[in-house]
Amino acid sequence: MKPLLLGFGLATGAAYALRELFGAPQPQPSWDETDNDPEDLSQDLAQRARAAEGAQAEEEARAS
């Protein structure tokens, strides 16, 4: 039983090593390709806040 487990462990280790050596590189996610860029989010939120303040100011001016 011991040789079987040892053989299985060695085969698994070799498979992982070969996969690392010869496998295609894993793609790294880029903030440019997502809608979750922290810089864009902060700018977008600031722009939304300014637009909301402007709409509120216009509404108050009409009410006066």
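Quick note: structure is the one above.
Because the structure is predicted, anything quoted here is derived from the model rather than measured. (Residues numbered from 1 in each chain as written. Predicted model: local features only at pLDDT ≥ 70, side-chain atom pairs only at ≥ 80, totals over all residues. Heavy atoms only, no water.)

## Some details on a nonpolar patch on the surface
- Nonpolar side chains collect at one region of the surface, where M1, L4 and L5 lie side by side and expose about 390 Å² of accessible area between them.
- Summarising the element assignment, M1 is placed in the segment before α1 (2–22).
- M1 gets classed as exposed once you look at its relative accessible area, which sits at 72%. (Patch = residues over 30% accessible without salt bridge, like charges linked within 9 Å, V, L, I, M, F, W, Y side chains within 5 Å. Areas by Shrake-Rupley, 256 points an atom, 1.4 Å probe, with all protein chains shown as cover. Salt bridge = Lys/Arg side-chain N within 4 Å of Asp/Glu carboxyl O. Helix = DSSP H or I, 4+ residues; strand = E, 2+ residues; numbered from the N terminus. Buried < 20%, exposed > 50% of the residue type's maximum accessible area, 1.4 Å probe, protein only.)

## Let's talk about α1
- Helix length check: α1, at 21 residues, gives a terminal C-alpha distance of 30 Å against a target of 30 Å (1.5 Å per residue), a fit within 8%.
- For α1, a buried count of zero out of 21 residues is recorded, marking the element as mostly open to its surroundings. (Expected span 1.5 Å × (residues − 1).)

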